[in-house]
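Coordinate inspection notes
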Amino acid sequence: MSPTCHYRRPDWSPCYRRFNIRLPHYGPFHVMQLQHAERVCATHPSPIPENGPPFLALAVTSKPSQRGLRDAIRLQWAEWDNPPWDITPSWFVGRFALGISRAGADKSSVPYEELIREQGTQRDLLFVNLTASDRGTIRDASLGWWRLAHRFFPTAAYIAKCDDDTFIHIPRLLHHMRNLGCHPSLYLGAIDFGTFNTSSNRVICWSWTWDKKIAQRCEQSAGRRPIPFAAGALECLSNNLARHLATSSEVAAAVERVIRLPLRGRARSHEDVLIGQWLSAAPHAVSYVDMDYQFMHNLACVETENYPYLIPWNRSLVVHDAKTAEAQAYVHAIVSHSARPDWHACVKATAARMRARRKPYVRAYKRLIRKDGQHAAVTAHVNGKERIR
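If you're wondering where the values come from, they're calculated on a predicted model, not measured in any experiment.

The next thing to look at is the pattern of salt bridges. Tallied over the full model, the rule gives eleven salt bridges. Salt-bridge contacts for Asp 71 lead to Arg 74; the nearest nitrogen and oxygen are separated by 2.7 Å. With Asp 71 and Arg 74 both in helix α2 (residues 67–80), this residue pair falls three residues apart, about one helical turn. Residue Arg 74 is classed as buried on the basis of its relative accessible area, which comes to 9%.

Let us now look at the side chain of Thr 195. Topologically, Thr 195 is positioned in strand β7 (residues 186–197). The buried category is assigned to Thr 195, whose relative accessible area is 1%. Within the local environment of Thr 195, its side chain forms a polar contact with the side chain of Arg 224, the two groups lying 3.4 Å apart. Side chain to side chain, Thr 195 and Gln 277 meet in a polar contact 2.9 Å long. Excluding its chain neighbours within four sequence positions, the residues that come into contact with Thr 195 are Arg 202, Val 203, Ile 204, Cys 205, Cys 218, Arg 224, Arg 225, Val 273 and Gln 277.

Strands sit in the order β6-β12-β11 across an open sheet of three strands; the sheet is mixed. Taken across any chain shown, the strands that pair with only one partner, and hence form the sheet edges, are β6 (167–168) and β11 (296–298). By the bridge criterion, two bridges tie β6 to strand β12 (residues 318–320) in an arrangement that is antiparallel. When the sheet's bridge partners are listed, Phe 167 is paired in β12 with Val 319.

Leu 56, Leu 58, Leu 188, Leu 234 and Met 291 are the most contacted members of the largest nonpolar core, which has 53 residues in total. Top element by residues in this core is helix α10 (residues 325–337). It accounts for five residues.

Each aromatic ring pair is described using two quantities: the centre-to-centre distance and the angle formed by the ring planes. Overall, the coordinates contain 13 aromatic pairs when judged by the stated rule. With a centroid separation of 5.1 Å and 70 degrees between ring planes, the pair formed by Phe 55 and Trp 91 is classed as edge-to-face. Here the residue Phe 55 occupies a position in the loop between α1 (34–40) and β2 (56–62), and Trp 91 occupies one in the loop between α2 and β3 (92–98), the gap between them amounting to 36 residues. Aromatic pair Trp 145 and Trp 146: ring centres 6.4 Å apart, planes at 55 degrees, arrangement tilted. Connected via pairs of aromatic rings, a cluster forms that spans Trp 145, Trp 146, Phe 152 and Phe 153.

Before going further, it helps to spend a moment on helix α6 (residues 212–222). The complete set of buried residues in α6 reads Ile 214, Ala 215 and Cys 218. Each buried residue of α6 sits inside an arc of 100 degrees when the element is viewed along its axis, so together they form one side. Looking at α6, the residues exposed on the side facing more than 90 degrees away from the buried face are Lys 212, Lys 213, Arg 217 and Gln 220. Those residues of α6 hidden inside the fold are in contact with β7 and β8 (202–207). Immediately beyond the C-terminal end of α6, within one or two residues, lies Gly 223, with a positive phi of roughly 75 degrees.

Basis of the calculations
Residue positions within a chain follow its written sequence, with the count starting from 1. In keeping with the predicted nature of the model, local features appear solely for residues at pLDDT of at least 70, side-chain atom pairs appear and are counted solely at 80 or more, and the whole-chain, interface and lining totals rest on all residues. Side-chain descriptors were evaluated using all non-hydrogen atoms of the structure, hydrogens and water having been removed beforehand. By definition, a salt bridge exists where a carboxyl oxygen of Asp or Glu is found within 4 Å of a side-chain nitrogen of Lys or Arg. By the criteria applied, helices consist of DSSP H or I runs no shorter than four residues and strands consist of E runs no shorter than two, each listed in order from the N terminus. Burial classes follow relative accessibility: with a 1.4 Å probe on protein chains only, a residue under 20% of its type's maximum area counts as buried, one over 50% as exposed, and anything between as partly exposed. Two N or O atoms count as a polar contact when they lie within 3.5 Å, although within protein this holds only if one can serve as hydrogen donor and the other as acceptor, and sequence-adjacent residues are included solely when both atoms are side-chain atoms. In what follows, residue pairs with any heavy atoms lying within 4.5 Å of each other are defined as contacts. Whether two strands pair comes down to DSSP finding at least two bridges between them. In these notes, a set of buried Ala, Val, Leu, Ile, Met, Phe, Trp, Tyr and Cys residues joined through side-chain atoms within 4.5 Å is what counts as a nonpolar core. Pairing of aromatic rings covers Phe, Tyr and the six-membered ring of Trp, with a centre-to-centre limit of 6.5 Å; geometry is then stacked below 30 degrees between planes, edge-to-face above 60, and tilted otherwise. Here the arc refers to the directions that run from the helix axis out to each C-beta atom.

Pasting the structure below:
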């Protein structure tokens, strides 16, 4: 079987090449794909936590106005607290990171009293703003979280961050992460490459895989090569790397400079590149683990020449671009309960976004679902584990 066959949807015919899929190339960096990293640790699973610190602490970066998305994610977490998953607090703790301070909450688009009431009932909001601006942007929330995360969860084995438009199947994530215990300085996510230029306030030399020509141009123009980073949809760090981001004076100075840069264009989405850039200078041998498109899928139905944004199915681990509560519920039904992908339900869940920007991708999604009938992925439970038929 060719490598392409490993990336097919199970309800497609064997070796059906829906996309021009190329295996990622990592250049001079030692980046392992998730399944390979798990095989390396096959005899070293992490111990099962018992009434101790959380195995995984996750913060969902959120804007004050996104109460609907937060409630949708809370429903998922509540479901996983119950059978058959039974995810206890010793395994997982979820929080929402807001890029504002308590004192400045009244400056946000949501009245201070509403956030205080939400915190009083849910007890899962973290106010992580690091400056006096209190703009509440995702960049403020992300950088604020990484500077404070180790203080909130100093004994957590792993500390993670995801965007609020990301669906994560927490039980599957925990299963995979428990199999990565032999990598002491773990940096897990969908690994891309790029570098951030603070003078122009933008990312340069970006690529989803290592590209020698782009790297050469980057070294000529910026004097540095692209570095690997985990895309912002999900970034997961081992405790020691999270501690480095929280305690390093160099990182603190860099955050102070970057967080005051004006947010022009897409500058607000570059905090993931900054995290990768700072970790590349950490005094640790970082283990980069790539959660590639076998595990990370997308609701935006995007097709590109080199990278497939596969639609969600019941083997997905992470699904990005679920930007509404309805979209989160739609993805949860498919991934967690094996519901069939439905083009009408997808468009209804993402109607405004689809109409505004994604018309060609709606057609692509329609074709994907109808290719071999409207069947969700087929799985078989062999020896208690999910395996693709």
